[in-house]
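Per-entry structural report
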Amino acid sequence: MKALHFGAGNIGRGFIGLILSRAGYEVTFSDVNQELVNALRERGEYTVELANESKDQETVTGVTAIDGRELQTVAKAVADADLVTTAVGVGVLKHIAPGIAEGLEQRRRAGSVQKPLHIIACENAIGGSAQLKEHVYALLDEKARAFADEYVYFPNSAVDRIVPIQNHEDLLHVQVEPFYEWVIDRSQMAPAFQPMDGVVYVDDLEPYIERKLFTVNTGHCVAAYIGYVHGYDTIQKAIADEKVKSVVYGALQETGQVLVKRFGFNPEEHEQYIVKILGRFVNPYLTDEVTRVGRSPLRKLSPNDRLVRPALLAREDDMPVTHLAMGMAAACKFDVPDDPEAVELQSMIREKGVAAALSHYTGMDENHPVLVEAVKQYNQM
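Residues numbered from 1 in each chain as written. Predicted model: local features only at pLDDT ≥ 70, side-chain atom pairs only at ≥ 80, totals over all residues. Heavy atoms only, no water.

- The protein chain appears in an unreviewed UniProt entry as Mannitol-1-phosphate 5-dehydrogenase from Paenibacillus amylolyticus.
- Turning to the protein chain, the UniProt record has this under Catalytic activity (unreviewed entry): "D-mannitol 1-phosphate + NAD(+) = beta-D-fructose 6-phosphate + NADH + H(+)".
- In the Sequence similarities (unreviewed entry) part of its UniProt record, the protein chain is described as follows: "Belongs to the mannitol dehydrogenase family." (UniProt positions renumbered as here; feature names shortened; annotations may be inferred.)

Listed below in structure tokens is the structure:
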């Protein structure tokens, strides 16, 4: 079995590539980082280390890589694949779509390739695979779309594993937290698909992806932004400060009320989930920089992402949003020169003020109660 995975970075190697290899796939990584591509080609293996006391290691073998800039090479890999996955960032999906589209056209022309193909975007986004499908279908002609409608599936998925930025002497070595979760929408897959070990299949993905996005991702970014405001350089140091931890916990209580109401989660069980997530953030064997977790504040402040969407849903039911608003406010204090989105945000705040900037990026009117609360918190920080 052959799997093509877009993205040979730490998440691609330390999470998705690892699970695919364990499931028996020969994994080909597609990436634009030539150094990574060359190393994977030359060695055909890499090691994954768990961030635990014993630093358990596992060697992933039978891997190779291709240059993601070479359209025909990528297309051939898609044409030959039994499974295609991504971990590139939702904003990059449109850039990998041409290679996928050409690969599907090659499968159609081959005629003999009439077996189902699953293309799964493993991104921190709601409906990542659906977004990728839109990009790909926009590039297909009528015949190719008809072929894809019959043989190609884009099931949405939710993924969860903390993989910090890291530097090792071995370029390919990657450290990951022990916990992971990969959930795929079974209802969007081929009828006779073969389940893969290490993956959870559900008929309704929305509760899982929103629980993860509004707990893990919300909590993580609030910890990063509040931690940054308090002068901490890592998530672990930030969460060790009770002032920071109380804001993070408060934000997760607010998102928790939304999740319990929307999906009927058991309140006690969800509280246990929150406690487990906070425990993952303080893993003493993991060093995660606030600048990594807080990176791309404009995306994190967008209307459907981890801060604004749960706050708007909470406000609809007159639930509190104070701590989520504090997270938004702290995001506006995230002044990191090597982060283009942070630079853009700071520039707009200087030019037009924080209220106008928040309104522009969150989609909320300046008089919206959530935005008013965020501006209030900003002025108090």
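**Describing the layout of surface pockets**
- Empty space within the second largest pocket amounts to approximately 440 Å³.
- As for the second largest pocket, its lining consists of 20 residues, of which Tyr25, Asp82, His118, Phe193 and Gln194 are closest to the centre.
- Within the lining of the second largest pocket, the residues separate by chemical class into 15 nonpolar, two polar and three charged. (1 Å grid on protein atoms, 1.4 Å probe; cavity = no way out; pocket = protein on both sides within 12 Å on 5 of 7 lines; lining within 4 Å. Points joined across faces, edges and corners; volume = space filled by probe spheres on them. Nonpolar A, V, L, I, M, F, W, Y, C, P; charged D, E, K, R; others polar.)

**Topic: the domain arrangement of the protein chain**
- Splitting the protein chain by domain gives domain 1 (2-203) and domain 2 (207-380).
- Each partner contributes to the interface: domain 1 provides 24 residues, whereas domain 2 provides 23 residues.
- Summed over both partners, the interface of domain 1 with domain 2 buries about 1900 Å², with 63% contributed by carbon and sulfur atoms.
- There are three salt bridges connecting domain 1 and domain 2.
- Close ionic contact of Arg280 with Glu177 constitutes a salt bridge, the shortest N to O distance being 2.4 Å.
- The interface formed by domain 1 and domain 2 holds seven residue pairs in polar contact (both at pLDDT 80 or more) in total.
- Residues that form the side of domain 1 that touches domain 2 fall into these classes: 14 nonpolar, five polar and five charged. (Domains from an automatic or database assignment. Contact = heavy atoms within 4.5 Å. Buried area = accessible area lost by both parts, 1.4 Å probe. Salt bridge = Lys/Arg side-chain N within 4 Å of Asp/Glu carboxyl O. Polar contact = N/O pair within 3.5 Å; in protein donor to acceptor, adjacent residues only side chain to side chain.)

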